[in-house]
Amino acid sequence: MQYFPAGSVSEDDPGGEAELAVWERLKDAFDADERGVLYHQYPIFDKGGHRFDRKPDFVCLHEELGLLIVECKGYTIDQIDYIAGDTWHLRGISQDKSAPLEQARDQGFHLQQFFRQERTLRDGQQVKIPMNVLVALPNISRSEWERRDLDAGPAAPRVILSDDLTPVALRDRLSSVKTFDPLSEEEFDAARKVLSCGQPISGAHGEPTAEPTTKAEHYEQVEKGLRGLDEQQQDIGMRIAPGPQQIRGIAGSGKTVLVAMKAARIAADPDLDDWDVAVTFNTKSLYDHITELISRFYQQFTGEEFVEEDSNVEIIHGWGGATTGDGVYRRVAQETPGADPLSFNQAKEKFGYDPDLLDVVAEDVLETGNIPTLWDAILIDEAQDFEANFLNMCLAALDENNRLIWAYDEAQDLGTLTAPRPKRIFGTDDDGELIVDMSGSYENGVQKSHIMRESYRAPREVLMAAHTIGMGLKREEGAVQTITRADGWENIGYEVEGDFRKVGSEAKLSRPDEHSPHPLQNVRKAGPFVRCDWFNSKNGEIEWVAEQIAQDIHEEGLDPEQIMAIPLGPNAKGHGHYILREELEKRDIDINCVWNENNKTFAKPGEVTVSRINRAKGNEAASVYVIGAEQIKNESYLGEEVRRRNQAFVAITRSRAWCTISGIETEPLVSEFEQVLGDIRKTDPVVTFDIPDSRELDNELEQETEDLEVTTLSEF
């Protein structure tokens, strides 16, 4: 049995004491090994107030009991005057009428609409998941209820009274409404995925090919069907922290999804209508992706279309500009006395070129000391793209709750593969206390910091190749960067053998299936998922890549927009825009060079996407081509090899299934990549490497876990 507590309910809230009492009793009524899930205040809302006025108090899905909607009321017997049909007439309180059963039914019907979309969960137009509704009245005893004859007649409401709030009695009461056979395993699993809000992140509905042979048919296994959010993802996405919150995770763990889910959750909740919320990011091409995700979740929560202009959530770029419109920096600078909003070119003219120019202008605004309160919450995706001054500027623009929610990818910063701890970002006050303390949980149980181990985007083979190459674990001269503690590796989903105190001894990394739950993970016929080919000339390499892309389209059946090419190095535009375009045009294939087009649009129907690494961040494709791998050894490019390897890591992890790496034959890089492929292509892949001396690393990737707690839902 899984339990998901409410984001914020206290005994001081109207009916809060009654709700919390019933929540504890409901949890006691089930055994740990039962197949079921119980939510307190499941997030479905009626923005118009016509069907149901707020989120249901309790939603339970159970393989034996089906779908139960339980509405909780803290009424005493004296506060109920009489009941006529679905209408309860009240006295002595602010409400004079209530319809708890009608409210619960409407909420259940809303959920069943989503069940109806899944073939597994319908029989014709009938939903296979039966629904029953009850009203919990913890302040009324059965004798009081019966004395008023409220249990008389066939239309008497189904209620849970104070006498029912023992584990055995409550389970008996819940079971008494059952009028059907148990759900099948397939039906329960599909319904659970729907309740987890899996539909907004799932691909096209429908059945994938039964016996796939082509890449397109295999990729249907990824795109089609219903994907559920795991326990940790649901806990993060459905609950709104009362203060700052940090979400850290491995590439492909769903952080963007959770930022979007939180934003939709806020936009949907009538209780939060007075909030002003910004969702921001640095990669311009993420705008459409984030907007679409928020829209999908909003539809799930409300049944209505998300219209940004009519909501309290705005989706804006970190800086803002001619093509992106408003931005967080631009807005703050406009509203801050003594600050002037600068464009990129104006900032470059004033401060000189700096790779972190946004951070420079953010510091300029911070130094005014006049930043006003502009938002109640700011949600930041891909926060590793922002430096400390920008994050502090955001914090200064919030109200006293400091509700800054930022999602870091543990390895997508093109300068480093680690995320700085809050102490280094926000610092300490005059008394030495942390300005932003991310340890532990809030009083309502919401975790302040999360580390996410599971990677859903790519098969294990792709992720292990990306880490091994990105860190140089098989590099002839030894790793350029690595995690130097076993618990750090475990926090990103690896199992480790080796003693990191013994420099030069062997370490072994493996990744269990449960931490890489990709639909093609164990489909050997779909592989290999990573391949590498080397050439004597750049023209020969590009010509070969164009031919492989043509095969993906014409023979393997992939759509052009499911393919992305990422040229590395200083001449990426020449290799990608000119040479690759020419070769693909010979094969009647159109390309979308994203640096020449609308900054908000990344993939275009019918066109292969070609992107430099900075624009590729945060985006993904079924088949990714990483061109120019020899640039890893180009000492004149980006200075440090660690930065060049970080770019390779980001490029490889854009893949949702297949990654093809190519380059000019360069030793010892060729031998290194052969060793990588040899390790990761085994049935049970294990990467071995020599434990380095941390003093010789270009970058030590400590996971900095002392101020974090890995979420375990058993705590609730």
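Refer to the structure presented above.
Conventions and cut-offs
Residues numbered from 1 in each chain as written. Predicted model: local features only at pLDDT ≥ 70, side-chain atom pairs only at ≥ 80, totals over all residues. Heavy atoms only, no water. Helix = DSSP H or I, 4+ residues; strand = E, 2+ residues; numbered from the N terminus. Buried < 20%, exposed > 50% of the residue type's maximum accessible area, 1.4 Å probe, protein only. Contact = heavy atoms within 4.5 Å. Areas by Shrake-Rupley, 256 points an atom, 1.4 Å probe, with all protein chains shown as cover. Lys, Arg positive; Asp, Glu negative; His and termini not counted. Charge placed at Lys NZ, Arg CZ, Asp CG, Glu CD. Phe/Tyr/Trp six-rings, centres within 6.5 Å; stacked < 30°, edge-to-face > 60°. Lys NZ or Arg CZ within 6 Å of the ring centre and 35° of its normal. Core = buried A, V, L, I, M, F, W, Y, C linked by side-chain atoms within 4.5 Å. Pairing = 2+ DSSP bridges. Right-handed = clockwise from strand over helix to strand, strands pointing away. Polar contact = N/O pair within 3.5 Å; in protein donor to acceptor, adjacent residues only side chain to side chain. Axes fitted to C-alpha atoms, helices over the stretch in contact; angles between N-to-C directions. Parallel < 35°, antiparallel > 145°, perpendicular 65-115°, else oblique. Left-handed = near helix turned anticlockwise from the far one by under 90°. Nonpolar A, V, L, I, M, F, W, Y, C, P; charged D, E, K, R; others polar. Patch = residues over 30% accessible without salt bridge, like charges linked within 9 Å, V, L, I, M, F, W, Y side chains within 5 Å. Salt bridge = Lys/Arg side-chain N within 4 Å of Asp/Glu carboxyl O.

A few words on the overall build of the chain. A count of helical and extended segments in the chain gives 21 helices and 28 strands. Counting only C-alpha atoms, the chain reaches 90 × 65 × 55 Å along its principal axes. Relative to its full complement of 716 residues, the chain shows a buried share of 58%. Of the contacts made within the chain by residues no fewer than 6 positions apart, 72% connect residues no fewer than 24 positions apart. Accessible area of the chain: about 28500 Å², with a carbon and sulfur share of 42%. Where the 75 positive side-chain charges of the chain centre and where its 133 negative ones centre are 2 Å apart.

Applying the stated criterion to the full structure yields 18 aromatic pairs. Geometrically, the ring pair formed by Tyr219 and Trp658 is tilted, given 6.3 Å between the ring centres and 45° between the ring planes. In this pair, Tyr219 sits in helix 6 (residues 215-223) while Trp658 sits in strand 26 (residues 655-664), placing the two residues 439 residues apart along the sequence. When its relative accessible area of 3% is taken as the criterion, Tyr219 is described as buried. Members of the aromatic cluster, connected to one another through ring pairs, are Tyr3, Trp23 and Phe58. The ring of Tyr442 has Lys448 lying over it, and the distance from NZ or CZ to the ring centre is 5.0 Å. The cationic tip of Arg511 hangs over the ring face of Tyr494; the distance from NZ or CZ to the ring centre is 4.9 Å.

The biggest cluster of nonpolar side chains holds 81 residues, and the ones touching the most others in it are Trp489, Leu580, Ile661 and Phe673. Those residues in contact with Ile661, other than ones at most four positions away along the chain, are Ile469, Val530, Arg531, Cys532, Asp533, Val626, Ala629, Ile652 and Phe673. Counting residues in hydrophobic clusters, the runner-up holds 77 residues, among them Val135, Leu258, Phe306 and Ala377.

Extensive coverage of strand 25 (residues 621-627) is indicated by the burial of 7 of its 7 residues. The pairing of strand 22 (residues 563-567) with strand 25 spans 5 bridges and is parallel. Counterpart to Ile563 in the pairing with strand 25 is Ser623. Of the strand pairs in this sheet, strand 25 and strand 26 are connected by 6 bridges, and their pairing is parallel. For Ile627, the partnering residue across the bridge sits in strand 26 and is Ser662. Handedness of the crossover joining strand 25 and strand 26 through helix 20 (residues 641-652): right-handed.

We now examine the side chain of Asp269. By the secondary structure assignment, Asp269 is in the loop between helix 8 (255-268) and strand 13 (277-281). Classification of Asp269 as buried rests on a relative accessible area of 4%. Within the local environment of Asp269, its side chain forms a polar contact with the backbone nitrogen of Asp271, the two atoms lying 2.9 Å apart.

What follows covers the packing of helix 10 (residues 328-335) against helix 12 (residues 357-366). Their axes nearest at 10 Å, the elements helix 10 and helix 12 cross at an angle of 20°. As far as their axial angle goes, helix 12 and helix 10 are roughly parallel. Judged by the twist between their axes, the crossing of helix 10 over helix 12 is left-handed. Contacts between helix 10 and helix 12 involve Tyr329, Val332 and Ala333 from the first element and Leu358, Val361, Ala362 and Val365 from the second. A breakdown of the residues in the contact of helix 10 with helix 12 according to their chemical character gives 7 nonpolar, no polar and no charged.

On the surface, a cluster of negative charge is contributed by Asp429, Asp430, Asp431, Glu433 and Asp437. With respect to the helices, strands and loops of the structure, Asp437 is situated in the loop between helix 14 (422-426) and strand 17 (449-452). A relative accessible area of 36% places Asp437 in the partly exposed class.

A few words on the pairing of strand 4 (residues 66-72). Among the 7 residues in strand 4, 7 count as buried, and that is most of the element. Pairing analysis gives 5 bridges linking strand 3 (residues 58-62) to strand 4, with the strands arranged antiparallel. Across the sheet, Val59 pairs through a bridge with Ile69, a residue of strand 4. Between strand 3 and strand 4, which follow one another and run antiparallel, lie 3 residues. Pairing of strand 4 with strand 10 (residues 131-137) involves 6 bridges; the strand directions are parallel. Bridging across to strand 10, Val70 finds its partner in Leu134.

Here we take up the side chain of Thr468. Mapped onto the elements, Thr468 comes out in helix 15 (residues 460-471). When its relative accessible area of 3% is taken as the criterion, Thr468 is described as buried. Reaching out from Thr468, the side chain makes a polar contact with the backbone oxygen of Met464 at a distance of 2.7 Å. Those residues in contact with Thr468, other than ones at most four positions away along the chain, are Leu473, Lys474, Val676 and Val687.

Let's shift gears to the packing of helix 15 against helix 21 (residues 669-680). Relative orientation of the contacting elements helix 15 and helix 21 amounts to 145°, with a least axis distance of 10 Å. Where helix 15 crosses over helix 21, the handedness of that crossing is right-handed. Facing helix 15, whose interface residues are Glu461, Met464, Ala465, Thr468 and Ile469, helix 21 presents Phe673, Val676 and Ile680. Each residue belonging to the contact of helix 15 with helix 21 can be placed in one class, and the counts come to 6 nonpolar, 1 polar and 1 charged.

Attention shifts here to the environment of Gly493. Considering the arrangement of structural elements, one finds Gly493 in the loop between helix 16 (486-491) and strand 19 (495-497). For Gly493, a relative accessible area of 0% corresponds to the buried category. Note: C-alpha distance between Gly493 and Ile266 (227 residues apart in sequence) is 30 Å. Setting aside chain neighbours within four positions, we find Gly493 in contact with Arg453, Arg511, Pro512 and His515.

Before going further, it helps to examine unusual backbone geometry. Omega for the peptide link from Gly527 to Pro528 comes to 0°, which places this bond in the cis form. If you trace the backbone, Pro528 turns up in the loop between strand 20 (506-510) and strand 21 (530-535). A cis amide bond, omega 5°, links Glu667 with the succeeding residue Pro668. Along the chain, the position of Pro668 falls in the loop between strand 26 and helix 21. Positive phi, close to 60°, is recorded for Asp149, a residue that is not glycine. Here Asp149 is to be found in the loop between helix 3 (142-147) and strand 11 (159-161).

On to the sheet that holds strand 20, then. In a beta sheet, neighbouring strands pair by backbone hydrogen bonds and run either parallel or antiparallel. Read across the sheet, 3 strands follow the order 19-20-27 without closing on themselves; strand pairing throughout is antiparallel. Bordering the open sheet on either side are strand 19 and strand 27 (686-690), each of which pairs with just one other strand. In this sheet, neighbouring strand axes are inclined to one another by 20° on average, regardless of whether the strands run parallel or antiparallel. Direction of pairing for strand 19 relative to strand 20: antiparallel, over a ladder of 3 bridges. Its bridge partner being in strand 20, Val496 is matched across the sheet by Leu509.

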